[in-house]
Each structure stands twice: as C-alpha cells, then as structure tokens.
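Chain by chain, the residues run as shown.
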Amino acid sequence: MGFATVVATVTSVITLGSGVRQVLSWWREHRAPARAPTSADIDTAKDVLTGLVSEQWREETVLRSLGDPEPMPLPWRSTDRRELVDHPGIIAKGAVAFPGLPMHIKDMARRFRALPCRRLVILGGPGTGKTTLAVQLVLELLRTREPGERVPVLVSAAPWDDRVHPRLQDWLAAVLAMDYPALRADALGPGIPEALAARGEVLPVIDGLDELPDHARTDMLRALNRSLCENDELIITCRTEQFAESVDELGDVLTASAVIEPQPMDPAAAADYLEACLPPVPRPAWSQVLRALRTGAAPALAQVTSTSLGLWLVRVTYIATRADPAPLLEYGRGSAAELHDHLCDELIPALVSARPPADGPAQPFRPQHAWTPEQVDRWLTYLCRKLSASEVDTRDVAWWHLARHISTWPARWGSGIAVGAVVGLVCAVRGGVPVIGAGLGVLSMLLIVLSTGSWFREAPGHADFHLRGRILGLVRVLPAGILVGVLGAVIGWLTSMMLLRDPDASMKAARQIGLLSGIGFFAVLSLVQWVERPATDASARSPRSTWQADRNLTAIRIAGGLAVGVIGAFVVLGRGLSFPAGLACGLGGMLIGMLVGRHHAWLAYNLTVPRLATRGSLPLRAMNFLDDAHRLGLLRTEGPYYQFRHVELQEHLAHQLAEKKSGHREPVPLA
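Residues numbered from 1 in each chain as written. Predicted model: local features only at pLDDT ≥ 70, side-chain atom pairs only at ≥ 80, totals over all residues. Heavy atoms only, no water.

Draft legend 1. Focus on the overall build of the protein chain. Looking only at helices and strands, the protein chain has 25 helices and 10 strands in total. Pairs at least 24 residues apart make up 77% of the contacts formed inside the protein chain by residues separated by at least 6 positions. Entry remark: accessible area of the protein chain is about 32,200 Å², with carbon and sulfur atoms responsible for 61%. (Helix = DSSP H or I, 4+ residues; strand = E, 2+ residues; numbered from the N terminus. Contact = heavy atoms within 4.5 Å. Areas by Shrake-Rupley, 256 points an atom, 1.4 Å probe, with all protein chains shown as cover.)

In structure tokens, the structure reads:
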C-alpha cells in the first residue's frame, strides 16, 4: 500500500511538472514577438497561393467554356472617354495601348504587363464579358507567371466595407485568410496573408464594382486611390455608366490606370469562333448560318453575336445540344430582340439536357439531382417575381429571405400547435395528470407562437468559439448573464419550495434546484449571445455554408438547452417531485435552447419551404435546387447570396412573367 502511494505521488508530481512546463512554454511563445516571414516564406506562400487560385477558377472555366476550343476573340481597346482616364503620361510613358483588334488573351496579358503600373479598368455594358475577361486574365497571368511576379486573385467588390477595412491591403489580407486557409498553415510561418497583402505580393482583380450602391462605389474608388502605392497593381471591372457616375461624384479618376472597353465583334470573327466550336462534320444548315453571318444576310444574328453573351447563348442552345440551327436563320433575319428572347427561351432546356445529374460519386461541375426544364423555369421565374417586387435588392437571392415572401401566421400557429400537442400529450400520458399536461401544452403553444415572430426576418448566424479579441465581448455579456442566472436561481428555488412537501428535504433540494436553474439560465440564455455571430458578413463563403452554419448553431443551442433540461429532470425526480415536473424540465430546456438567440433563419427556412413546395413555387429541397442551378450555370454565388449569372436572363424571365399576366408578348429590348 505504501509503495503504491509513493508511485502515485511521484507520477502526480511528474504530471504536474510537465503541465507547468507546457503552460510556461505557451506563455513565453505568446509573449515573444511574432517571427517575421522571410523571403523564402513569402516565395513559398506565393507558390501555394498560385496553385490554390488556379484550382479555384478551373471550375469557373469549365462552367463558362472559356477555353474550349479557345477564348472568345472579343476585341477590347482603350476608351475614348477622356474624363474616365488619368493623364496618358502617368499611365504609360510610351506607346502602350490596347488597339481594339481581335486580340488573343495572350496579347492582352502581354499588354497588361507592359503597363508601368499594371493597373487596368475593364468597362462595358451588361453581357459584354467583363467578368469573363477578368477570369481569362487571371488564368493567363497565373499560367505565365514568372518567379517574383505577383499572384492574381479574383475577388468580388461586394464584401468590401471601407468603414471596416479603410485600406485595400487590410481587406485583401482578410480575404486571403478566409478564402485560402492553407496560407495560415504553421509550416508557412505566421502572418502570411497579412504579409502578402502588405508587401504588395498579390494582384487584386476586383470584379463587380457596379454591383455596389452609388455611394459605396465612390467610397471604394476613394479608398483605392488612398491605398495604392507607386508600384501597386490592380485590375477592376465595372459597367461603364456606373463607373462614369462614380468618377464624376468623386471628382477624380483611378490613378495611373488604363481603361478599356469592348468593341462589337466582327461578324466574320464571330463566325470563325462558332465554326471552331462545331464538330468536324456539322449539320449542313450550319454552313448556311455561318455564310449568312459573314455576308450580313442575318443582321439580327450579327448584332446578337457581337457580344460574348450572345456568342455563349448561341453556343449553348444550338452547338452544345446539336440542335438544328435553322431557327437562327429565321430569327437572324428579323429583330435582334426577338432572337435574344428565343435564345433565352431555349437556354434552360439546353443547359438541363447538356448537364445531366452525376451518376455515382458527386461531381463538382454537374448537378446532383434531376430537374425538368419546366420545373427549373417555373422556380426561377418565381424567384424573379420576388426580386422584382423587392424594394431593397433586386439582384440577391438569399435563402433566408424566402421566409419573408409568405405569410408567417400559418407556420407559427402550425408549429405551435404541433409542439403544444406533443408536450401536452406526453405529460398527460406519462404523468397521469391530464390537466397539468393540457396546461403545459397550451403554454408551449403560446410560447412558440409569440416567440417565433421575429424568426422570419432574421439573418443566418454561426457559432464562434474563438477567444482571441473577444474577451471584452464576453465581459460585456457577463453582467446580464449573471442577472438572468440569479433570477433563474430564485425562480427555481421558490418553485421547488412550493412543490416539495417534506420540510426537512425542501431546503436542501431548493438550493440544488435553484443553483442548477441559475447555471442553466446563465449558460443557455446568456453565453449563446456571446457565441452567436452573423454569418452574412464578409466572411461568408457561400449560401450553402451560411445555411449549414445556422443549422449547426441551432443544433448547439438545442443540445445545450436539452442538456440543462435533462440534468434538471434528474434532480427534480431525485427529490421526489412528480414525473410531469421532471419531464417539463427536460422538454422546457430543449424548447428554451431552440427559442433563445438572435439567429433562427434555418428554422424559419424549414417552416417556410414546405408551404412554398405545396404551391409549386419551389421544390421541397430548395437549397439543393439552388446549388444545382449554380452548377448548371444559371446562377452564380456572391458571398452568401445567389445571383442570376446573366442579368439578361433574369430580365427575360421577369418579362415573360409579365407577359403571362397581360396576355400578350413583346420582345425585351436589348441593352
């Protein structure tokens, strides 16, 4: 016995000493200044980032067929609008320009590299291929990147809030850390995203400046001019009119930036591109179509194919589907607007037939579920109708906004009655006291109905358990948490004193139940407020990720409440209270865990979608459909939102809906 005691004592001392040594080591590491990344660290990180960006945009290349068989030969040239461009001598001290010939993307990359400051603004109207050119430039610059060159990274302008990140470098560091977590690996060294952004080792390609509100566009241009150093590089895309408005409001241009605009594609170049996309032995009618396009016998077809969007529509609807191109001749001799409408009508069936669901393992570029063209058309038209009716945002399709498009009372009362019936039935049957069961059921129903009113207007959230930089936030919620915990303890103590009939045991049980109530109220009702964070800020990576984050947050809240409730039930039953009282503790804890918090978007979504499905407005698996619409190339993701990949398709579907209501059809005018 003595020997065992000695061994146990020695083991405890060794374990304690090891723990103290680890704590001291951790303390020294965190007190010591962080090691600055070396040049070798930066070079390795740039190589890693190059691979990550290439892999990221390979999917977009497949979806848009950007390089099959070769990039579209859309001509771009320096803009003639002098009010949008800096002094020529500042942009390039020499004859560096974009002449407007049908240049290959290799020539575009070469001319960009020839700019002393390597800053470029890509302008154009809707459907002119601004984003397509940006993606092609990123891929070509990555493919031909020399050692020491900066790594191009395509980012969306929408998440940048200059109030949070006044400098471009600060925002870029946050984007790199969030979108490319491999850069934070210990093997690369500390602070790599911040170092890459601060040292100018990244070429930011900012897409979609026009998608920001007017004041935000102007603020971004101001922030860019304030952030850019002499040798900083930049590529930015924007619609021409929105850029002109922002430049006029700012009273200045983007410093030292070349500005280019697309030119209409020559019919002969468009015909050559379409011919290169055809199989070696195409349908005989294609020779007539291409001849009419080259000779000007199909003016509407020439106008439509003068843009990258028009070429893509023709390719997807007729070349990819191997359809008879005879209608292109018929519509090509008429109105360009009617031809555009015809191509949009055929787009959804063409994409659905060309990209069937994947068999077996999931494939990232193909839909995961089978939908008919009629279903896709009907559901996307419903989304268009809701976007058209929006007074705030006509572009962003948010899954949590679906709950705002339908009356909430049926869902609230239906869920309240269901929960109340379950609680009342279980308590009445198991406890043998129908009156108490009925009362608890009614209380549960009213609690659900009254508490869920705000759910349908809440944004998604996520659980953030990181302590770094959030200790002050924890301190702020502690006073309220302690107050709520004290009130819970008092309520639990008084309740147990009234229910327990044994005077000798009542005081001890009351203290235990009161303490448990206080801890439960504090943990579930207060700490949740500290853990919860909005999931729709700049850190949101995709709609699916925000959906999963809010679902996980809901599960954490329910599990926490259920754990406290179950413990309370055991204590209550162990102190001689009735089974209904113990069961009420367990169910009450779970119910409280579900109701607390500021983010219930996932619960509201699940209460809303079944009603939309019964109306035929959306499928029951709405998120699966939206994800597949993205894989089909009909939608794109913009942070936590879906957007129509082409505004023209959204306008066509909205116009098509208006025609059904009015009973006559008019072609949509081309932009």
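Draft legend 2. Representation of empty space enclosed by the protein. A full pass over the atoms with the stated rule returns four cavities of 30 Å³ or more. By volume, the second largest cavity is sized at about 90 Å³. Taken together, 13 residues form the lining of the second largest cavity, with Gln-169, Leu-172, Val-202, Pro-204 and Asp-232 sitting closest to its centre. When residues of the lining of the second largest cavity are traced back to their parent elements, those giving at least two are helix 6 (168–179), helix 7 (192–198) and strand 4 (202–207). (1 Å grid on protein atoms, 1.4 Å probe; cavity = no way out; pocket = protein on both sides within 12 Å on 5 of 7 lines; lining within 4 Å. Points joined across faces, edges and corners; volume = space filled by probe spheres on them.)

Draft legend 3. Examining a nonpolar patch on the surface more closely. A cluster of nonpolar side chains, namely Trp-409, Trp-413, Ile-417, Val-442, Leu-446 and Leu-450, defines an oily patch on the protein surface of about 610 Å² accessible area. Elements with a minimum of two residues in the nonpolar patch: helix 17 (409–431) and helix 18 (434–451). Position of Leu-450 relative to the elements: it lies in helix 18. Classification of Leu-450 by relative accessible area gives exposed; the value is 69%. (Patch = residues over 30% accessible without salt bridge, like charges linked within 9 Å, V, L, I, M, F, W, Y side chains within 5 Å. Salt bridge = Lys/Arg side-chain N within 4 Å of Asp/Glu carboxyl O. Buried < 20%, exposed > 50% of the residue type's maximum accessible area, 1.4 Å probe, protein only.)

Draft legend 4. Expanded view of the packing of aromatic side chains. Under the criterion given, the structure shown has nine aromatic pairs. Relative to Trp-171, the ring of Trp-160 lies with its centre 5.0 Å away and its plane at 5 degrees, an arrangement referred to as stacked. In this pair, Trp-160 sits in the loop between strand 3 (151–156) and helix 6 while Trp-171 sits in helix 6, placing the two residues 11 residues apart along the sequence. Relative accessible area serves as the criterion here: at 7%, Trp-160 is assigned to the buried category. Ring-pair connections join several aromatic residues into one group, and the members of that group are Trp-399, Trp-400, Trp-547, Trp-602, Tyr-605 and Tyr-641. Seen from the ring of Trp-409, Arg-412 lies directly overhead, with NZ or CZ sitting 4.2 Å from the centre. One residue, Arg-544, lies across the ring of Trp-547, its end atom 5.1 Å from the ring centre. (Phe/Tyr/Trp six-rings, centres within 6.5 Å; stacked < 30°, edge-to-face > 60°. Lys NZ or Arg CZ within 6 Å of the ring centre and 35° of its normal.)

Draft legend 5. The arrangement of the nonpolar core in detail. In terms of nonpolar packing, the biggest core is built from 150 residues, with Leu-49, Leu-224 and Leu-380 touching the most fellow members. Residues contacting Leu-380, with those up to four places away along its chain left out, are Ile-348, Phe-625, Leu-634, Leu-635, Phe-644 and Leu-653. (Core = buried A, V, L, I, M, F, W, Y, C linked by side-chain atoms within 4.5 Å.)

Draft legend 6. Molecular detail of helix 16 (residues 373–389). Spanning 17 residues, helix 16 covers 24 Å between terminal C-alpha atoms, matching the ideal 24 Å at 1.5 Å per step. Within helix 16 the residues assigned to the buried category are Val-376, Trp-379, Leu-380, Thr-381, Tyr-382, Leu-383, Cys-384, Lys-386 and Leu-387. (Expected span 1.5 Å × (residues − 1).)

Draft legend 7. Highlighting the pairing of strand 4. Burial analysis of strand 4 places six of its six residues in the buried class, which makes it a mostly covered element. The alternating pattern of strand 4 places Val-202, Pro-204 and Ile-206 and Leu-203, Val-205 and Asp-207 on opposite faces, both of which are buried. Alignment of strand 4 against strand 5 (residues 234–239), held across two bridges, turns out to be parallel. For Ile-206, the partnering residue across the bridge sits in strand 5 and is Ile-236. A crossover connection joins strand 4 to the parallel strand 5 through helix 8 (residues 214–227); in handedness this β-α-β unit is right-handed. (Pairing = 2+ DSSP bridges. Right-handed = clockwise from strand over helix to strand, strands pointing away.)

Draft legend 8. Broad picture of the packing of helix 10 (residues 267–277) against helix 11 (residues 284–295). Two elements in contact, helix 10 and helix 11, have axes separated by 7 Å at closest approach and are oriented at 160 degrees. In this view, helix 10 runs roughly antiparallel relative to helix 11, as classed from their interaxial angle. For the pair helix 10 and helix 11, the sense of crossing is left-handed. Listed contacts from helix 11 to Pro-267, Ala-268, Ala-270, Ala-271, Asp-272, Leu-274 and Glu-275 of helix 10 are Leu-290, Leu-293 and Arg-294. Of the residues contributing to the contact of helix 10 with helix 11, the split by class is seven nonpolar, no polar and three charged. (Axes fitted to C-alpha atoms, helices over the stretch in contact; angles between N-to-C directions. Parallel < 35°, antiparallel > 145°, perpendicular 65-115°, else oblique. Left-handed = near helix turned anticlockwise from the far one by under 90°. Nonpolar A, V, L, I, M, F, W, Y, C, P; charged D, E, K, R; others polar.)

Draft legend 9. Up close: the sheet that holds strand 5. Sheet architecture is open: six strands sit in the order 1-6-2-5-4-3, paired in mixed fashion. In the strand order of this sheet, the two ends are held by strand 1 (76–78) and strand 3, each with one partner. Each neighbouring strand pair of the sheet contributes to a mean axis angle of 20 degrees, computed without reference to strand direction. The sheet strands contacting helix 6 are strand 3 and strand 4, and the helix crosses strand 4 at an angle near 90 degrees. The strands that helix 9 (residues 240–250) touches are strand 2 (119–124), strand 5 and strand 6 (258–262); relative to strand 5, the one it contacts most, it runs at about 110 degrees.

Draft legend 10. Seen up close, helix 10. Of the positions making up helix 10, those classed as buried are Ala-269, Ala-270, Ala-271, Tyr-273, Leu-274 and Cys-277. Looking at the packing, one finds that the buried side of helix 10 touches helix 11 and helix 13 (308–319). Between the side-chain oxygen of the N-cap and the backbone nitrogen of Ala-268 there are 2.9 Å, and the N-cap of helix 10 in question is Asp-266. (Polar contact = N/O pair within 3.5 Å; in protein donor to acceptor, adjacent residues only side chain to side chain.)

Draft legend 11. Main features of the pattern of salt bridges. Under the counting rule described, the total for this entry stands at 20 salt bridges. Among the ionic pairs, Asp-47 bridges to Arg-145, the shortest N-O distance being 3.6 Å. A residue pair is termed long-range when its members are at least 10 positions apart, and Asp-47 in helix 2 (residues 39–64) and Arg-145 in the loop between helix 5 (130–143) and strand 3 qualify at 98 residues. Residue Arg-145 is classed as buried on the basis of its relative accessible area of 17%. Note that Arg-167 is salt-bridged to Asp-170, the shortest N-O span being 3.2 Å. On the accessibility criterion, Arg-167 (40% relative accessible area) is partly exposed. When salt bridges with common partners are traced through the structure, they connect Arg-113, Arg-118, Glu-149, Arg-150, Asp-232 and Glu-233 into a single cluster.

Draft legend 12. Fine view of unusual backbone geometry. One non-glycine residue, Arg-118, adopts positive backbone phi at about 50 degrees. Relative to the helices and strands, Arg-118 is located in the loop between helix 4 (105–114) and strand 2. Its identity as a non-glycine residue notwithstanding, Arg-322 has a phi of 55 degrees, on the positive side. Residue placement: Arg-322 occurs in the loop between helix 13 and helix 14 (326–332).

Draft legend 13. Structural context of the packing of helix 8 against helix 9. Remark: helix 8 packs on helix 9, axes separated minimally by 9 Å, with the N-to-C direction vectors making an angle of 65 degrees. Compared by their axis directions, helix 8 and helix 9 come out roughly perpendicular. In this structure, helix 8 crosses over helix 9, and the sense of that crossing is right-handed. Residues Asp-214, Arg-217, Thr-218, Leu-221, Arg-222 and Asn-225 of helix 8 form the contact with helix 9, whose own contacting residues are Gln-242, Phe-243, Glu-245, Ser-246, Val-247, Glu-249 and Leu-250. Of the residues assigned to the contact of helix 8 with helix 9, the class counts are four nonpolar, four polar and five charged.

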